[in-house]
Amino acid sequence: MGQKIQTNGLVLYKSRPAVVRAISDKIDIEYDGGSKRVREKDVTPLHPGPVSVLPGGVADAPGLDDARELLLDEALPFEDFTDLLYGEFTPASAWGAWQLLNEGLYFSGEADAVKARPAELVEEDIAKRDAKAREKADWEEMLERLKKRQMAESDRPALVEVERVAHAESDKSRILDAIDLSVTPANAHRLLVQIGYWSEEYNPHPRRHGISLDDNLLDFDDPAEPQRTDLRDLIAWAIDDAGSQDPDDAISLDGDRLYVHVADAAAIVQPGSNLDEEARSRGANLYLPDRVIHMLPHAMTQQLGLGLQETSPALSISFIVDDAGELDDIRIETSLVRVTRTSYDAADHELDGNLAGLKVLTDRIAARRLQAGAATLDLPEVNVRVIDDEIVIQPYQRGGSRQLVTEAMLAAGEAVAKYAQEHTIAIPFASQPEPDEVRQPQTMSETFAYRRMFKPSRGTVEPAPHFGLGLPHYTRTTSPLRRYPDLLAHQQLHAWLRGDTLLDESQVSERLSIAESASRLIRKGERLSNQHWKLLYLHRNREWQGEAVVAELDERKMTLIIPQLALEMKQRRVAGLELDQQVRLAVDSINISDLEARFRILG
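Summarised in this report is the structure supplied together with it. Everything numeric here is computed off the predicted structure, so don't read it as measured data.

Concerning the overall build of the protein
Helices and strands together make up the secondary structure of the protein, namely 16 helices and 25 strands. A compact globule built from 603 residues should have a C-alpha radius of gyration of about 25 Å, whereas the protein, at 38 Å, is more than 25% larger. The buried share of the protein, taken over its 603 residues, is 47%. Taking the intrachain contacts of the protein between residues at least 6 apart in sequence as the baseline, contacts between residues at least 24 apart amount to 65%.

A closer look at the pairing of strand E9 (residues 236-240)
Burial analysis of E9 places five of its five residues in the buried class, the great majority of the element. The alternating pattern of E9 places Ala236, Ala238 and Asp240 and Trp237 and Ile239 on opposite faces, both of which are buried. In this structure, E9 lies alongside strand E16 (residues 339-343), joined through five bridges in parallel fashion. Bridging across to E16, Ala238 finds its partner in Arg341.

Side note on the side chain of Ser252
The residue Ser252 is located in strand E10 (residues 249-254) in this model. Setting aside anything within four residues of it in sequence, one finds Ser252 in contact with Leu234, Ile235, Ala236, Arg257, Leu258, Tyr259, His261 and Leu358.

Considering the sheet that holds strand E1 (residues 10-13)
Here five strands make up an open sheet; going across it, the order is E4-E3-E2-E1-E5 and the pairing antiparallel. The two strands at the open ends of the sheet, each matched to only one other strand, are strand E4 (34-38) and strand E5 (43-47). Geometrically, the sheet is characterised by an average inter-axis angle of 40 degrees between neighbouring strands, direction not taken into account. Looking at chain direction, E1 and strand E2 (residues 16-23) are connected through four bridges and run antiparallel. Paired with Leu12 across the two strands is Pro17, which belongs to E2.

Looking at the pattern of salt bridges
Summed over the entire model, instances satisfying the criterion amount to 40 salt bridges. Residue Asp241 pairs with Arg402 through a salt bridge whose shortest N-O separation is 2.6 Å. Here Asp241, found in the loop between E9 and E10, pairs with Arg402, found in helix H13 (residues 400-422); they are 161 residues apart in sequence, far enough to count as distant. Residue classification places Asp241 among the partly exposed residues on the basis of a relative accessible area of 29%. Put simply, Glu552 and Lys570 hold a salt bridge, and the shortest N to O gap is 3.4 Å.

Observations regarding empty space enclosed by the protein
Summed over the entire model, instances satisfying the criterion amount to one cavity of 30 Å³ or more. Empty space within the largest cavity amounts to approximately 40 Å³. Taken together, Pro428, Phe429, Ala430, Gly459, Thr475, Arg476, Pro485, Leu512 and Glu516 form the lining of the largest cavity. Broken down by secondary-structure element, the contributors of at least two residues to the lining of the largest cavity are strand E19 (429-431) and helix H16 (505-540). Here the lining of the largest cavity is composed, by residue class, of five nonpolar, two polar and two charged.

Overview of the layout of surface pockets
Space left empty within the atom packing is revealed by a probe, the size of a water molecule, rolled over the atoms. Counted as a void, the second largest pocket has a volume near 310 Å³. Along its surface, the second largest pocket is lined by 17 residues, and Asp241, Tyr344, Asp345, Pro395 and Arg402 are the ones closest to its centre. Elements with a minimum of two residues in the lining of the second largest pocket: helix H11 (344-348), strand E17 (382-387), strand E18 (390-395) and H13. Residue composition of the lining of the second largest pocket, by class: four nonpolar, seven polar and six charged.

What about the packing of helix H5 (residues 156-166) against helix H7 (residues 185-194)?
Across the interface, H5 lies against H7 with an axial gap of 7 Å and an inter-helix angle of 130 degrees. Taken together, the axes of H5 and H7 are oblique relative to one another. Where H5 crosses over H7, the two elements pack in a sense that is left-handed. Facing Val162, Glu163, Val165 and Ala166 of H5, the residues of H7 in contact are Pro185, Ala188, His189, Leu191 and Leu192. Taken together, the residues of the contact of H5 with H7 break down into seven nonpolar, one polar and one charged.

Some details on the packing of helix H9 (residues 274-282) against H16
Relative to each other, H9 and H16 sit at 45 degrees, their axes nearing to 6 Å. One element, H9, and the other, H16, form an angle in the oblique class. When H9 is examined against H16, the residues Asp276, Arg280, Ser281 and Arg282 are found in contact with a partner set consisting of Arg511, Ile514, Ala515, Ala518 and Ile522. When grouped by side-chain class, the residues that make up the contact of H9 with H16 number four nonpolar, one polar and four charged.

Structural notes on the nonpolar core
The biggest cluster of nonpolar side chains holds 35 residues, and the ones touching the most others in it are Ile239, Ile251, Val260, Ile317, Phe319 and Leu355. Going through the elements one at a time, E9, strand E11 (257-263), strand E14 (312-321), strand E15 (327-337), H11, helix H12 (356-371) and H13 are the ones with two or more residues in this core. In terms of residue count, the dominant contributor to this core is H13 (11 residues). Beyond its immediate stretch of four places on either side in the chain, Ile317 contacts Leu258, Tyr259, Val260, Val262, Arg331, Ile332, Ala412, Ala415, Val416 and Thr477.

Focus: the sheet that holds strand E22 (residues 557-562)
With antiparallel pairing, the five strands of this open sheet are ordered in space as E23-E22-E21-E24-E25. Two strands in the sheet have a free side with no partner beyond their single neighbour: strand E23 (567-572) and strand E25 (596-602). The average angle at which neighbouring strand axes cross in this sheet is 50 degrees, direction not considered. In terms of strand pairing, strand E24 (residues 582-591) meets E25 through seven bridges, oriented antiparallel. Residue pairing across strands places Asn591 opposite Glu596, the latter belonging to E25. Against the sheet, helix H14 (residues 444-453) makes contact with strand E21 (545-553), E22 and E23, and its axis sits at roughly 55 degrees relative to E21, the strand it touches most. H16 rests against E23, E24 and E25 of the sheet, and its axis sits at about 65 degrees to E23.

Some details on the packing of aromatic side chains
Across all of its chains, the model carries 10 aromatic pairs by this definition. For the ring pair Tyr450 and Phe454, a centre distance of 5.0 Å and an interplane angle of 90 degrees mean the geometry is edge-to-face. One exposure class covers both Tyr450 and Phe454, and it is buried. An aromatic cluster is present here, built from Phe78, Phe81, Tyr106 and Phe107 joined pairwise through their rings. The residue whose ring lies beneath Arg174 is Trp139, and the NZ or CZ to ring-centre distance is 4.0 Å. Above the face of the Tyr344 ring, Arg402 is positioned so that its terminal group lies 4.2 Å from the ring centre.

Thresholds, definitions, all that
- Residues numbered from 1 in each chain as written.
- Predicted model: local features only at pLDDT ≥ 70, side-chain atom pairs only at ≥ 80, totals over all residues.
- Heavy atoms only, no water.
- Helix = DSSP H or I, 4+ residues; strand = E, 2+ residues; numbered from the N terminus.
- Rg over C-alpha atoms; globule rule 2.2 N^0.38 Å.
- Buried < 20%, exposed > 50% of the residue type's maximum accessible area, 1.4 Å probe, protein only.
- Contact = heavy atoms within 4.5 Å.
- Pairing = 2+ DSSP bridges.
- Axes fitted to C-alpha atoms, helices over the stretch in contact; angles between N-to-C directions.
- Salt bridge = Lys/Arg side-chain N within 4 Å of Asp/Glu carboxyl O.
- 1 Å grid on protein atoms, 1.4 Å probe; cavity = no way out; pocket = protein on both sides within 12 Å on 5 of 7 lines; lining within 4 Å.
- Points joined across faces, edges and corners; volume = space filled by probe spheres on them.
- Nonpolar A, V, L, I, M, F, W, Y, C, P; charged D, E, K, R; others polar.
- Parallel < 35°, antiparallel > 145°, perpendicular 65-115°, else oblique.
- Left-handed = near helix turned anticlockwise from the far one by under 90°.
- Core = buried A, V, L, I, M, F, W, Y, C linked by side-chain atoms within 4.5 Å.
- Phe/Tyr/Trp six-rings, centres within 6.5 Å; stacked < 30°, edge-to-face > 60°.
- Lys NZ or Arg CZ within 6 Å of the ring centre and 35° of its normal.

Right, here's the structure in full:
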């Protein structure tokens, strides 16, 4: 400060006051809490001393207002600045003056020229300081609330960072760190529900896996009108689950010819269009228990869904089914059809009536697939839906009209695969390698173990057998409103029928790869979402009791399958239980954030 360092003088060392005790090649200083030898450049002289007691906090400066007014127009050396503030230049006043200068609020400058800062800047900084203090107080009050699992509406903006963690969009959170919670999506989810930021129903899993929850709202033109075969005289059935809103396939029988009519989405969605690229990036419809997020604009389903209008444009795939269940005389054509919609339950009553002829043909197809080694994994499946805030879980019933429709759709996929190979049309085939060991499971535990041996199916432009279906070649083709690979196959068939240029194998492969990456996330999002709602169902029905089957036994754990809920849960192993043994369960605890449930065995 323009002074010399003197023995017993006051100096500044790392923003702390210190007393010089000796001067040699280095400076011996003493400060609150210790002593040290330092270099001359490490200290700044404040007062020549002598110092009897180290100064402490900031003393009130009686001359503060006068100094602020006077120093607006001139600058003073530090000693004069101190005298102006305190009316004296002592070690204590020098320390107080330095702190006011170092604070940088009212004064600025160097040792030889201290000046007052303009009033408007001081007011601006005071406002910022006060705002920061209020922010700190608000922060601390919020943390106290959160520790008690409470929330004020004013906390919502700050809690967005926790929401991002819950959605796996960030792995950092000052809030979670501050209240001693590990920064994990499950912990963030649990906290947001506990404080009421989210309702207990909130399902974070789709967004957690990067899945868009916005519908496709792109505009589209009316379908192109190719020359269509008039098949409106055929009786066509669109058989779906009750409540289905996107019927995209129907079946007919004309003598010994089986027709599968498919909604003609490719008449609207042209390759490379905005609609096509958006559908490709989504991969498939996202079916959640409480809503459906559509791959294509929902209005397109209303226009093209079979049976939603009096007459529907379709791509009709037809073939003869011979006595051995083989497909012959395959035809593919754009058509007009008139479709009657019905449910599986209602269709079951027509298996000996209007659907009897179709059942004969699809039974042949099923027998041929089974003979070829098709694998039937008979594990429970359910449909989980939320209707007027009620969670409804209904088991799927196999056999009957559902099996009839399944066989017809698989046959359509096989027919298109054969047709594409015969005419050298590049399409996305679906294949599945054979497992390392082929089994014929008889019990639930055997089926559960066999499922783990299955290799995943994959999309490819090279035709290959599909082990699980027992088909030599297969493509998914009956859901172009809901799955992009089906739409891609339809686009290629349309181009072939019109005589237009086809996409080559590399173009098909590139489009398929993008769609399948998105579809894998869709499937995972659906699986986790179903688990979420199943556990929420149990949470709402804590008195639930039901039957379970022991599907797997490890050294310490066991896997139970609850057929009524199609729920698979690991539990601690109970002595005396055997594979496939049925046990009766009651709910013990539900952890929705971690997707875990614990049950106790009754009796």
